[in-house]
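# A structural walkthrough
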Amino acid sequence: MHEGGLVGFRGLSLLLQHRALTERLDAIEGAIGACQTADLTDREMALRLLPLLRGFAQALPEHFAAEASSMVALLRESSDDEFARTLEQLDSEHPRLLAVFEGSVTQLAGYLGSAHAAPHASFEHAMTEILTAVAEFRDHEAREDALFLR
Ligand SMILES: [Fe+2]
Ligand SMILES: [Fe+2]
């Protein structure tokens with residue numbers, strides 16, 4: 001960063017994407033909480049959650065691609081080994097995060113009978129898996145935010 005440069009400017013569009021993704025994660029967690037207290041059937045819960053989760057999963061490939069291209073530029077400019085290692089670690093987490101959320105979409109769709117894959121776990125377990133994935137994603141994004149704003 002040159003003197004007088006705007007701190008975190010390069011990461012700005014990514015940070016805005018993070019805000020949108022975080023809002024959707026809030027909505028997903030809120031829906032799970034509301035469903036659990038509203039005494040809905042599994043199918044009713046799946047109907048409420050699936051669009052929220054599907055929209056989130058569908059946004060991930062574009063978000064990860066934007067981060068990957070930003071990473072290439074950052075690595076080109078930086079000679080900080082620790083920074084490069086952290087960036088590469090974050091990038092390496094993307095395929096698994098995508099697989100986890102896409103898997104949850106497939107599983108929820110199974111509860112609606114609209115997917116080829118039948119549900120293989122209890123619905124409560126599926127909800128726990130989603131909440132774990134949400135927490136993991138939040139942690140991933142927080143580490144990115146810290147890096148982009150250095
Ligand atoms: Fe990321
Ligand atoms: Fe991100």
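Report on the accompanying structure. (Residues numbered from 1 in each chain as written. Chains lettered and ligands numbered in written order. Predicted model: local features only at pLDDT ≥ 70, side-chain atom pairs only at ≥ 80, totals over all residues.)

### Re helix H4 (residues 94–111)
- With 18 residues, H4 should cover 26 Å at 1.5 Å per step; its first-to-last C-alpha distance of 26 Å lies within 8% of that length.
- Restricting attention to buried positions, one finds in H4 the residues Phe101, Ser104, Gln107, Leu108 and Tyr111. Buried residues in H4, looked at end-on, bunch into an arc of 120 degrees, giving them a common side. Seen from the buried face of H4, the exposed residues on the opposite side, beyond 90 degrees, are Pro95 and Ala99.
- Buried residues along H4 sit in contact with helix H2 (42–77) and helix H5 (123–148). (Helix = DSSP H or I, 4+ residues; strand = E, 2+ residues; numbered from the N terminus. Expected span 1.5 Å × (residues − 1). Buried ≥ 20, exposed ≤ 12 C-beta atoms within 10 Å, placed from the backbone. Arc of directions from axis to C-beta. Contact = placed C-beta atoms within 7 Å.)

### Regarding the packing of helix H3 (residues 81–92) against H5
- In contact at an axis separation of 11 Å, H3 and H5 are set at 150 degrees when each is read in the N-to-C sense. Comparing their axes, H5 and H3 come out roughly antiparallel. Both H3 and H5 take part in a crossing whose hand is left-handed. Mapping the contact onto sequence places Thr86, Leu87 and Leu90 in H3 and His140, Arg143, Glu144 and Leu147 in H5.
- Along the lines of polarity and charge, the residues of the contact of H3 with H5 split into three nonpolar, two polar and two charged. (Axes fitted to C-alpha atoms, helices over the stretch in contact; angles between N-to-C directions. Parallel < 35°, antiparallel > 145°, perpendicular 65-115°, else oblique. Left-handed = near helix turned anticlockwise from the far one by under 90°. Nonpolar A, V, L, I, M, F, W, Y, C, P; charged D, E, K, R; others polar.)

### Examining the packing of H2 against H3
- Look at H2 against H3: their axes get within 11 Å of each other, and the N-to-C directions meet at 165 degrees. Between H2 and H3, the angle is such that the two are roughly antiparallel. For the pair H2 and H3, the crossing hand works out as left-handed. Across the interface between the two elements, Glu67, Ala68, Met71, Leu74 and Leu75 from H2 touch Ala84, Leu87 and Asp91 from H3.
- Tallied by class, the residues present in the contact of H2 with H3 amount to six nonpolar, no polar and two charged.

### Considering the environment of Arg19
- Following the sequence through the fold, Arg19 ends up in helix H1 (residues 12–38).
- For the pair Arg19 and Glu141, spaced 122 residues apart in sequence, the C-alpha separation works out to 9.7 Å.

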